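# Structure at a glance
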Amino acid sequence: MNVVQPSEDKFSVLVIDDDSSIRRLVRMRLQNQGYLILEAESGEEGIKTFEMFHPDLVLVDVLMSGIDGFETCRRICQLPEGATTPVLVLTALNDTQSIEQAFNSGAIDFVTKPIQWTELLHRIRRLLQLKRAEETLRDHRAHLEVQVQQRTAELTEANQALQQEIQVRSNVEAALKRRIELENLITNISTHFININPLKVDEGIQMALSTIGNFATVDRSYVFLFSDNGSWMDNIHEWCAEGIVPQIDLLKSIPTAVFPWLIQKLARLENVYFKDADELPPEAYVEVKFFTRRQSKSVVMVPIVYNSVLAGMLGFDSVCEARSWSNDIVSLLKIVGEIFSHALEHRRTEQTLLHREKQLSEITDAMLDIVIKTGVDGEIEFASPSCWTLLGYQPEALLNKSIYDNVHPDDLLLMKAAIQNDGIAEYRFLHVNGAYVWLEALSNLLFDGNGCVEGMVFAIRDITERKDAERELQDLNRLKTEFLSTAAHELRTPLTSIRGFSEILITRDFQADRQMRYMRLINEQATQLGKIIDDLLDISRLEAKRNLTLVREPVNLATLTRELIQPFIEVAPSHQFQIESQLNDMCVFADPNRISQVIKNLISNAIKYSPNGGAVTITLVSVQAEVQFQIKDHGVGLTQEQQVHIFEKFYRADASNTAISGTGLGLAISKLIIDLHGGRIWLDSEYEVGTSFYFSVPHMYQEAIPA
Amino acid sequence: MKTILIVDDQPEVRELVSVTLEIGDYKILMADNGDKALAMAQREHPDLMLLDIQMPGGSIDGIRVCQLLKSEPQTRDIYILMLTAKGQEWDRQQGFDAGVDGYFVKPFSPLDLMMKVEEVLA
């Protein structure tokens, strides 16, 4: 078999004939025409060759040994490539039957032997042209088909992508819409809580719980807050969807130790959420029980934190159905939890501040001292209410006035120095009544954050009383010194005679009468000295009233006077004594010894200062609530000057009068005694005519009442 | 013979001083208040005055008497020895400010006074 590889552009022709000369002849003629020739010497070989090389045209002889040309034709036509490959039957049998048989076996045409070469070549060319055209058409159609299929596939794909895109886009849009809603929600809540009145925080939380609960379509939203030490918690707010039973009243003062798993997780600032309680770890069995009893199928909780410490929690419950929680829901809770935390913290700070302010104002209100706060130049910014009681100014009236304006000009330097030293100063401040009061002020400079002075604060106290007491004490001290100095002088006088005459007696010799005289003088002066000392002690006791207790009892002044006058009658023969007393009650509630001292002193004075004798008249009368004692003499009398000083200590009306001895303390002591009894002592005198001394003491019943 | 004027409101003191000085050869004068003392000093011009301060009987005290005498040329040279119970530093200062020549405080030793007087009048 000669195998020639068919070329692309040359038609190939398979010649099947058992006559090799025919085959050669066909080859020669057809090759000359530019065809490629395949040869087969039997029908079987021809079919194999066809299957292998797919020739463009088959030329088959009818009469062959083995399978004949018809059968070969039929078999070739049944092959896949055969249907489109033209088969020419070569036959010597030019009869109708053979021709019919040839067409029936699938041949496209026939050529009779002996071969008319021009006809054969023409037929071959025509068949091949036809085949080529068919093939081209078929190819074109197939290509078209492919193209249509491809396009259809492309369109289907595009359509699917579009569908998908539409789906994605609508999902995105829905999510975006939800997102915007969420953001609006958060914006609304946070706007509401910014600058919220601390008194309205509860109301705000309640409203926000309802808003977010509705938004998240949960059944319950709630807030728990922990106590300061974290040992218990309260369900302070709850919102429930319709048909859900509130539980808030059952959840007060719950010990946090009951929920160790939940609290520990929240304390680590982790969120707690589950779709089904079965998801929770075994150690959360108490919590599982709790949620079950609460009928919470799904729960999400976020911690509420103040200053990085767990202060409470905010949560959602789903009661009707189990649901999983999206990130958006958890984020929403977290953000709202933070808003609540800020609001609650703000409220707490505000309440603390208000409480402190109230406390402070209560303190300043209650203080007797004044607190004043001023600016850096002394302008008053705050004055506590006590400035009304102490200084007569309403606190408001002092505002914006300078604190320096009312300070006594002489004390300003001292005051300013004290301010600079944060020290205490005493200064005079102008009371609203125009008088200065003494103040003691502790001042402190106030500094701002940068260490600059921004004002001053004064704690002021009225020390007028203390100042008065100090002055009184000073006066008292001066009086005491004066008294001591006067007393010493008075003691020196008799001592001068005692010392002088005794020394003279020791160092010189005198006749007996002179000796006696000097010794008598010494004795008199020593007696006088003793009297002065007694009177001094007496007066000092009377002046320090607390050391002197009057031993009071009912005393009838008329009776007492009659007793006291007896000794004087004997020693003063030139005087005529007379006592005039009313018949009514002359009783007083007095210390009889002290009153006797006064009466004796007055009688003694009356005698001493009426050296020429005469009548000494004592009159006792009851005047209103008092018993009045009067003693009248007809003696030397007292000048106006003497009357002024007569009750002063050591004052003696006429010391140069040797006939009159005395310590100069008698009347001063008498005055003190009468003062102690709540009575009065006075005199009425005319120089060189006579004197009347009076005293009065309240009636007994007057004194008895308070006793 | 030197003249000594004793001025004191207390009669016992006047007596004590005069007894003290009676052993010397002096002419003794006495006054019991400031006014009398001033008049007597101007009239008698004594060599020495023993002068008390507190004398309620007159209108002027011993300090004033001293000032007045020391301010007059005629009486300036009278030696004035204060004899007083006012013995404190402040009292002495007042005396010396008024121009007194010596200061003696009661109670005093008559012997010391005698020696002082002898010294002054020597």
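I will try to describe carefully the structure that is included in this document. (Residues numbered from 1 in each chain as written. Chains lettered and ligands numbered in written order. Predicted model: local features only at pLDDT ≥ 70, side-chain atom pairs only at ≥ 80, totals over all residues. Heavy atoms only, no water.)

A separate point is the overall build of chain A. Per the secondary structure count, chain A includes 19 helices and 23 strands. Looking at chain A residue by residue over its 707 residues, the buried ones come to 45%. Within chain A, contacts between residues at least 6 apart in sequence are counted, and of these 60% link residues at least 24 apart. About 39200 Å² of surface is accessible on chain A, with carbon and sulfur atoms providing 53% of the total. (Helix = DSSP H or I, 4+ residues; strand = E, 2+ residues; numbered from the N terminus. Buried < 20%, exposed > 50% of the residue type's maximum accessible area, 1.4 Å probe, protein only. Contact = heavy atoms within 4.5 Å. Areas by Shrake-Rupley, 256 points an atom, 1.4 Å probe, with all protein chains shown as cover.)

Our focus in this paragraph is the environment of A:Asp535. Residue and element names in this part refer to chain A. Following the sequence through the fold, Asp535 ends up in helix α14 (residues 512–543). Once the C-alpha coordinates of Asp535 and Ile669 are considered, the two residues, 134 residues apart in sequence, prove to be 7.8 Å apart. When near neighbours in sequence (up to four residues on either side) are disregarded, Asp535 contacts Thr663, Leu665 and Ile669.

This next bit is on the sheet that holds strand β4 (residues 79–84) of chain B. All names here are of chain B. As summarised here, the arrangement of the five strands in space is β2-β1-β3-β4-β5, forming an open sheet in which the pairing is parallel. Both outer strands of the open sheet, β2 (26–31) and β5 (102–105), are each paired with one neighbouring strand and no more. This sheet shows a mean twist of 20° between the axes of neighbouring strands, independent of strand direction. Set on the sheet, helix α2 (residues 34–44) makes contact with β1 (2–7), β2 and β3 (48–51); between it and β2 the angle comes to about 145°. (Pairing = 2+ DSSP bridges. Axes fitted to C-alpha atoms, helices over the stretch in contact; angles between N-to-C directions.)

Another point: the packing of aromatic side chains. Residues and elements named next belong to chain A. A complete count under the given rule lists 14 aromatic pairs over all chains for this structure. Aromatic side chains Phe103 and Phe110 sit 5.9 Å apart centroid to centroid with 80° between the ring planes, which places their arrangement in the edge-to-face category. Through a chain of ring-to-ring contacts, three or more aromatic side chains come together here, namely Phe259, Phe274, Phe290 and Phe291. For Lys416, the ring lying beneath its charged end belongs to Tyr404, and the centroid distance is 4.6 Å. (Phe/Tyr/Trp six-rings, centres within 6.5 Å; stacked < 30°, edge-to-face > 60°. Lys NZ or Arg CZ within 6 Å of the ring centre and 35° of its normal.)

The next subject is the sheet that holds strand β6 (residues 220–226) of chain A. Residues and elements named next belong to chain A. Strand order across the open sheet formed by six strands is β8-β7-β6-β11-β10-β9, with antiparallel pairing between neighbours. One side of each edge strand has no neighbouring strand; the edge strands of this open sheet are β8 (254–255) and β9 (272–274). As paired elements, β6 and strand β7 (residues 232–240) share seven bridges and run antiparallel to each other. In the sheet register, Arg220 faces β7, and the bridge partner there is Cys240. Strands β6, β7, β9, β10 (298–306) and β11 (309–318) of the sheet are contacted by helix α7 (residues 260–267), whose axis makes an angle of about 115° with β11.

Right, let's get into the pairing of β11(A). Residue and element names in this part refer to chain A. Burial analysis of β11 places nine of its ten residues in the buried class, the great majority of the element. In this structure, β6 lies alongside β11, joined through six bridges in antiparallel fashion. Bridge pairing links Tyr222 to Gly315 in β11. Bridge count for β10 against β11 is nine bridges, and the pairing is antiparallel. Paired with Ile304 across the strands is Gly312, a residue of β11. Here β10 hands over to β11 after two residues, with Asn307 in that stretch at a positive phi of 45°.

Moving on to the pairing of strand β14 (residues 424–430) of chain A. All names here are of chain A. Side chains Ala425, Tyr427 and Phe429 of β14 all project onto a buried face; the interleaved residues Ile424, Glu426, Arg428 and Leu430 project onto a face where none is buried. Here β14 runs beside strand β15 (residues 436–447); their pairing, made up of seven bridges, is antiparallel. Pairing of Ala425 across the sheet is with Ala441, part of β15. Following β14, the chain reverses through five residues before pairing antiparallel with β15; Gly434 in that reversal takes a positive phi of roughly 95°.

Residues and elements named next belong to chain A. All told, the structure shown has 43 salt bridges over all chains when counted by the stated rule. The salt bridge partner of Glu39 is Arg23, with a shortest N-O separation of 3.3 Å. Taken together, the positions of Glu39 in strand β2 (residues 36–40) and Arg23 in helix α1 (residues 20–32) put the pair 16 residues apart, joining distant regions of the chain. For the residue pair Glu39 and Arg23, the accessibility class agrees, reading buried in each case. Residue Asp328 pairs with Arg179 through a salt bridge whose shortest N-O separation is 3.2 Å. Of this pair, Asp328 sits in helix α9 (residues 327–366) while Arg179 sits in helix α5 (residues 117–193), and the two are 149 residues apart along the sequence. For Arg179, a relative accessible area of 39% gives the class partly exposed. Each of Glu426, Glu440, Arg466, Lys467 and Glu470 takes part in one network of salt bridges that share partners. (Salt bridge = Lys/Arg side-chain N within 4 Å of Asp/Glu carboxyl O.)

Backbone torsion omega between B:Lys106 and B:Pro107 reads -10°, so that peptide bond is classified as cis. Mapped onto the fold, B:Pro107 is located in the loop between β5 and α5 (110–121). In the Ramachandran plot, A:His54 falls in the positive-phi region, its phi being about 45° despite a non-glycine side chain. Mapped onto the fold, A:His54 is located in the loop between α2 (43–53) and β3 (57–61). A relative accessible area of 39% places A:His54 in the partly exposed class. Backbone geometry at A:Ser308 places phi at a positive 55°, although glycine is not the residue there. Tracing the sequence through the fold places A:Ser308 in the loop between β10 and β11. Judged by relative accessible area, which is 65%, A:Ser308 ranks as exposed.

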